[in-house]
Every structure is written in C-alpha cells, then in structure tokens.
Amino acid sequence: MGRAIAVAAAVLAVVTGCTVQAPEGDGKRRSPVHIEIPDGTPSPPRTPDGDGDGGPGTAPAPPGDDRPRAAPRVLWSRGDTGRDVRELQARLRQVAWLFDGPTGTYDGPTEKAVSGFQGKRGLPRTGRTDTVTWQRLLGMTHEPGKWDLYLMGGQPADPPDPRCATGRVLCVDKTSRTLRWMIDGRTVSTMAVRFGSQYTPTREGVFSVYWKSRDHVSTLYDSPMPYAMFFSGGQAVHYSADFAARGYAGASHGCVNVRDEAAIAGLYAQVRNGDKVVVSR
C-alpha cells in the first residue's frame, strides 16, 4: 500500500511539471511537491518591429537575457544607386549633413555624411545606412518631393512632343524639366534644364535658333550666358553656373538653363542656326 502511494506521488510530479523539494535546513518537513503556477503576467513581446536599443528589426532583450542580438540590416552602402539612395541624400540635406546632390549614387560624400550622422547620435560610424540609422533619419526629416530628389537634375525625360519627331530639334519639356537634342526622331542626348520664374516665364511654342554666341554676357542683367543659342527674343538655351551651384532652388530670367557645362558645350558644337526649338509643357 505504501509503495502505491509513493508511485502515485511521483506520477503527479511528472504530469504537473513540478519539482520535489528536500526538507529545509531547519529540519522541518515541507510538502514534498512544489507546483509553480503562472502568475498571469505575459512575457514582453518579441516582434520584428521592436524598437529597443537594437533598433528596428531587433526586439528588446528581457532583463538578464545575455544572448547576442542580430546586427541591424544594411540597406544601402557605397556603390549602390537608385531612387532610394536619392531619398537618403535628400533627407541628409535636410539635416545639413550633405550639401551636394542628390545624385542617386552612394558615393564618398554620402558615406562621409552618413558616418557623421551616426557618430552624432551615438551609433557605430560605419558609413553604411542600416535599419537603425535609417529610422533615426526618418524621424528627423520629412518626405522629400520630386524636385527635392532631383534638385540637381538627373530626372528621366518624358516622351518627346510630337512636334519634335522630324528634323533637327531642341525639344524642351517643362514638365520633366529636360531638353532632348533630336535628329529625325532619334534622341542624341538628354540633359536637365531650368526655366524662368512665374514673373519671367520661358515662352512656349515652336521657334528656331537664330543666333549663337559662345561667350555671351547679358546686357540686361549683366550676367554670363556661355554657349547661348537664342530662339525667342532675348531667351536662349545656355549654360548657367547658378543652376550648377543651386539647382532648382533658383530660376532663370526666361532662358532655358543647362547645368552640365560639358554637355552643353557638345550640344553647342552640333546645333546650327535655323534648327527647330520646341518648348512644351
């Protein structure tokens, strides 16, 4: 009978997940079975979206948890290109860690800017944009608009105006802010351009180049207009050092500005007096 009682107690201990307690040091006997009952308080959640010290994608470790946490995932690093890199650069400009671009290429200045941003906030200065760095930057900046992303040009051109389909044409699109140099419907080159402000707008329509002036200086505004190709009164396609320096933060007095000096030098060498100019929206 005594053996049966002992066996039953052992089975109860196994089934309930209990531990058998030995007599306490004071010699007093305690119940031979200790049952641990849940206290009803759930453990802290561990989700992929946790925002602990490990940053996004790394859940906060419970007290006493010394297990190594996964390193933040690298999103972009030197050599990467694309629209996401443009956004990174535009946001770094907002917090004054980058002054050039956006270019869409993760280059040396971008790496240096990211490293400086990381060091200022106590993050490892890797120069690579990981999930932690990106979330910090998102929290300090606003969504950049289209022309923040393409402040210094590089935007894709829209399809050409149908009036550009034949002949030799400077095909200027105000919507995509681009100029296509086209010959018989074929695009030879494309470049970013800038226009006049609302007070000095660039005229729209079909014109022709009537005068070229390699080292022109405006008599009205006393400003340089290198590689000028005049098509409507005093309005011309020409290189602009201001556009090269400030991008779309500025505007012309009605001319079509080009910021790439090498590109417009090549264009100037090819365009002839009489070539068509189409300015459309």
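These figures come from a predicted structure and were not determined experimentally.

### Here's the deal with empty space enclosed by the protein
Inference 1: Throughout the structure, instances matching the rule amount to 1 cavity of 30 Å³ or more.
Inference 2: Approximately 40 Å³ is the volume found for the largest cavity.
Inference 3: What lines the largest cavity is simply Asp158, Pro159, Pro160, Asp161, Cys171, Val172, Asp173, Thr178, Arg180 and Ser280.
Inference 4: Looking at the lining of the largest cavity, the elements that each hand over two or more residues are strand E5 (168–173) and strand E6 (178–183).

### Structural notes on the layout of surface pockets
Inference 1: By volume, the largest pocket is sized at about 440 Å³.
Inference 2: In terms of lining residues, the largest pocket is bounded by 25 residues, among which Tyr221, Ser223, Met225, His238 and His253 are the most central.
Inference 3: At the level of elements, strand E9 (211–217), strand E10 (224–232), strand E11 (235–239) and helix H6 (241–246) are the ones that each hand at least two residues to the lining of the largest pocket.
Inference 4: No other element matches E10, which puts 4 residues into the lining of the largest pocket.

### Re helix H7 (residues 261–270)
Inference 1: If you check which residues of H7 are buried, you get Ile264, Leu267 and Tyr268. Angularly, the buried residues of H7 cover 100 degrees about the axis, an arc narrow enough to put them on a single face. Projecting away from the buried face of H7 at angles above 90 degrees are the exposed residues Ala262 and Ala269.

### Describing the confidence of the model for the protein
Inference 1: Overall, the prediction assigns the protein a mean pLDDT of 83, with 76% of residues at 70 or greater.
Inference 2: Scored below 50 in pLDDT, residues 1–61 shows 46 contacts in the model against residues more than four places distant or in partner chains.

### So, the sheet that holds E11
Inference 1: Taken together, 9 strands build an open sheet; the order of strands is E8-E13-E5-E6-E7-E12-E11-E10-E9 and the sheet is mixed. Two strands close off the open sheet at either side, each with one partner strand: strand E8 (205–208) and E9. The mean inter-strand angle of the sheet, taken between neighbouring strand axes irrespective of direction, is 30 degrees.
Inference 2: Note that E9 and E10 share 6 bridges and pair antiparallel. The partner of Lys212 across the bridge, within E10, is Met229.
Inference 3: In this fold H7 packs onto E5, E6, strand E7 (186–194), E9, E10, E11 and strand E12 (256–258), with an angle of close to 45 degrees to the strand it touches most, E10.

How each quantity is defined
Residues numbered from 1 in each chain as written. Predicted model: local features only at pLDDT ≥ 70, side-chain atom pairs only at ≥ 80, totals over all residues. Heavy atoms only, no water. 1 Å grid on protein atoms, 1.4 Å probe; cavity = no way out; pocket = protein on both sides within 12 Å on 5 of 7 lines; lining within 4 Å. Points joined across faces, edges and corners; volume = space filled by probe spheres on them. Helix = DSSP H or I, 4+ residues; strand = E, 2+ residues; numbered from the N terminus. Buried < 20%, exposed > 50% of the residue type's maximum accessible area, 1.4 Å probe, protein only. Arc of directions from axis to C-beta. pLDDT = per-residue confidence, 0-100. Contact = heavy atoms within 4.5 Å. Pairing = 2+ DSSP bridges. Axes fitted to C-alpha atoms, helices over the stretch in contact; angles between N-to-C directions.

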